[in-house]
Protein chains: 2
Amino acid sequence: MLLRTNTSSIRPVDGHLAALAGERVFCSEFRYRRGTEVFGEGEETEYVYQIISGAVRTYKLLSDGRRQISSFHLPGDMFGLDNGASHRFTAEAIVETRVRITKRRSLLETMRSRESGASIFLGLVTRNLQHAENHMLLLGRKTALERVAAFLLEIDERLGHPKVLVLPMSRRDIADYLGLTLETVSRTCSTLRDRKMLKFEGATQRQIVLLDRNGLAEYDA
Amino acid sequence: MLLRTNTSSIRPVDGHLAALAGERVFCSEFRYRRGTEVFGEGEETEYVYQIISGAVRTYKLLSDGRRQISSFHLPGDMFGLDNGASHRFTAEAIVETRVRITKRRSLLETMRSRESGASIFLGLVTRNLQHAENHMLLLGRKTALERVAAFLLEIDERLGHPKVLVLPMSRRDIADYLGLTLETVSRTCSTLRDRKMLKFEGATQRQIVLLDRNGLAEYDA
DNA sequence: GAGCGAATTTGATCTGCAGCAATTTGAGTC
DNA sequence: GACTCAAATTGCTGCAGATCAAATTCGCTC
């Protein structure tokens, strides 16, 4: 069987991003190796990124190493724009990742000069905020089962409901995103497998087929 | 002893808001009684609010009643702007609350027409996002003690370090903000009292004096 | 200031998930 | 295809915080 380690297909870029990306606002391309830092907490915000292929995690750390991943960025996603003057978290490539980058400054100027600039920007930021609000509800009030179900449905949705979900991130990454431990994530996935809500595809546990999206949605209160 | 139930002093309005508020962008005033809904989830976003006195909570509910409060709004705070076309959560007055309101539309237009409009807006939204990111870290990875300490320091900071913190919200509200139960919040406050980090002032447990802000900050990893 | 319902505290017990440990599985290398 | 190290699973035990249950206190009204 053919195994590909980094095969998140490029999903259709949404309207707002296409409006920007289509006009070559993004000037140069860049690659990051697996585990490489794209930018660090506290660094000056100089660039804005759009993922071509691969995946990026953004996270915060506590002094003793506890980590909270605030979001995963997948192909088509833009990130780094809504930060203020300096980055408030760290961004790392999860797998080999290709990105388009552009100067934050020039992007903001382009937006300002265009009639639709403000609303494009508003839309981008609103989406980030919306995601954060939903995630607070998940972290504050949902059970492990509900969290994992919500995660699978979120990734499924963002990858455009593929036959096989190819997860670029480890169980530990998922755990740090969901506010759980990696063991609990693993156990919960096994439970969902036993309940026939999903199955593992091929020789790896990172490829998942959702067998019952409606059932999963019911867990996701 | 004089007891006042709703005495959050009006803290100095920050630069951005003053820039807007000072120019009478806010046209009319409104009052909400304790427990009253300001707007509901799903409603169309028509107005933007700035609190004159009192306090507002914004929250999301799960189908079985579990609640996550995403933020408290105190005097000087603006809210309702960063929502998209429709509100993504419910806003309720915690106590008798006075607000200035203005049409969202006209505020956005004012911003667009001014040179500094975009950056004012950017600043407002960035702050919301920043708060949400910090709160995700709290909800996903902090202990009960760390959460309560962080909460007290946050409110203290936002009220401008008053001698006595007058909390407008109940233990249940605090619990639903911190992702805990009200009993755990109560117990944790008692622990902090026993450790001489705070004391209750007067005849109520809603008035708190922080005795050791540095000590609290150490809990807040 | 008496009376009443709501808010808060405090105690006792329970439980979902964490923490630790031992296998098992899988990806990458020679 | 054997070897190696990391990732993931699974089992067992422990604990932080939830849940249940009384008191106690507070705030409000008459």
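The model shown is predicted, which means the values in this text are computed figures rather than measured ones.

The rules we used
- Residues numbered from 1 in each chain as written.
- Chains lettered and ligands numbered in written order.
- Predicted model: local features only at pLDDT ≥ 70, side-chain atom pairs only at ≥ 80, totals over all residues.
- Heavy atoms only, no water.
- Pairing = 2+ DSSP bridges.
- Helix = DSSP H or I, 4+ residues; strand = E, 2+ residues; numbered from the N terminus.
- Contact = heavy atoms within 4.5 Å.
- Axes fitted to C-alpha atoms, helices over the stretch in contact; angles between N-to-C directions.
- Buried area = accessible area lost by both parts, 1.4 Å probe.
- Salt bridge = Lys/Arg side-chain N within 4 Å of Asp/Glu carboxyl O.
- Polar contact = N/O pair within 3.5 Å; in protein donor to acceptor, adjacent residues only side chain to side chain.
- Least-squares fit on C-alpha atoms with pLDDT ≥ 70 in both.
- Near = heavy atom within 4 Å.
- Nonpolar A, V, L, I, M, F, W, Y, C, P; charged D, E, K, R; others polar.
- Core = buried A, V, L, I, M, F, W, Y, C linked by side-chain atoms within 4.5 Å.
- Buried < 20%, exposed > 50% of the residue type's maximum accessible area, 1.4 Å probe, protein only.

Let's shift gears to the sheet that holds strand 6 (residues 78–79) of chain A. Picture the strands of a sheet paired through backbone hydrogen bonds; they go either parallel or antiparallel. Residues and elements named next belong to chain A. Across the sheet, four strands lie side by side as 1-8-3-6; this open sheet has antiparallel pairing. The open sheet has two edge strands, strand 1 (28–32) and strand 6, and neither has a second partner. When strand 3 (residues 47–53) meets strand 6, the two strands line up antiparallel, connected through two bridges. Looking at the pairing, Tyr49 lines up with Phe79 of strand 6. Of the strands in this sheet, strand 3, strand 6 and strand 8 (97–103) are in contact with helix 2 (residues 104–113), which crosses strand 8 at around 65 degrees.

Let us now look at the interface of chain A and chain B. Counting residues at the interface gives 40 residues for chain A, matched by 40 residues for chain B. Here chain A and chain B share an interface that buries about 3600 Å² over both sides, 64% of which is from carbon and sulfur atoms. Together, Leu129(A), Met136(A) and Arg141(A) form the three largest contributors to the area buried by chain A at its contact with chain B, with a combined 20%. Inspection of the region where chain A meets chain B yields six salt bridges. Ionic pairing is found between Arg66(B) and Glu146(A), a salt bridge with its closest N-O pair at 2.8 Å. If you look at where chain A meets chain B, you find 16 residue pairs in polar contact (both at pLDDT 80 or more). For the side of chain A that touches chain B, the secondary structure elements donating two or more residues are strand 5 (67–73), helix 2, helix 3 (117–141) and helix 5 (171–178) of chain A. No other element matches the 17 residues that helix 3 of chain A contributes to the side of chain A that touches chain B.

A few words on the relation of the copies chain A and chain B. If you rotate chain A by 180 degrees and push it 0.0 Å along the axis, it lands on chain B with an RMSD of 0.1 Å. As the rotation angle and translation indicate, the two copies are arranged about a two-fold axis. With an isologous cut-off of 70% or more, the 98% of interface residues of chain A that recur at the interface of chain B puts this contact in the isologous class.

Our next topic: the protein's contact with DNA strand C. Residues in close proximity to DNA strand C total 24 residues, the closest being Thr184(A), Arg187(A), Ala203(A), Ser186(B) and Ser190(B). Side-chain polar atom of Arg187(B) to a base nitrogen of DNA strand C: 2.9 Å apart, as the coordinates give it. The separation between a phosphate oxygen of DNA strand C and a polar side-chain atom of Arg193(B) is 3.3 Å. Elements supplying a minimum of two residues to the surface near DNA strand C: helix 6 (182–194) of chain A together with helix 6 (182–194) of chain B. For the surface near DNA strand C, the class distribution of residues is six nonpolar, 11 polar and seven charged.

Structurally, Gly76(A) is set in the loop between strand 5 and strand 6. For the pair Gly76(A) and Leu159(A), spaced 83 residues apart in the sequence, the C-alpha separation amounts to 9.9 Å.

Counting 70 residues, the largest nonpolar core has Phe151(A), Leu152(A), Phe151(B) and Leu152(B) as its most contacted members. If we ignore the near neighbours within four places in the chain, the residues touching Leu152(B) are Leu165(B), Leu192(B), Leu198(B), Ile208(B) and Leu210(B). Counting residues in each nonpolar core, the second largest holds 22 residues, with Leu108(A), Leu122(B), Leu124(B) and Val125(B) among its members.

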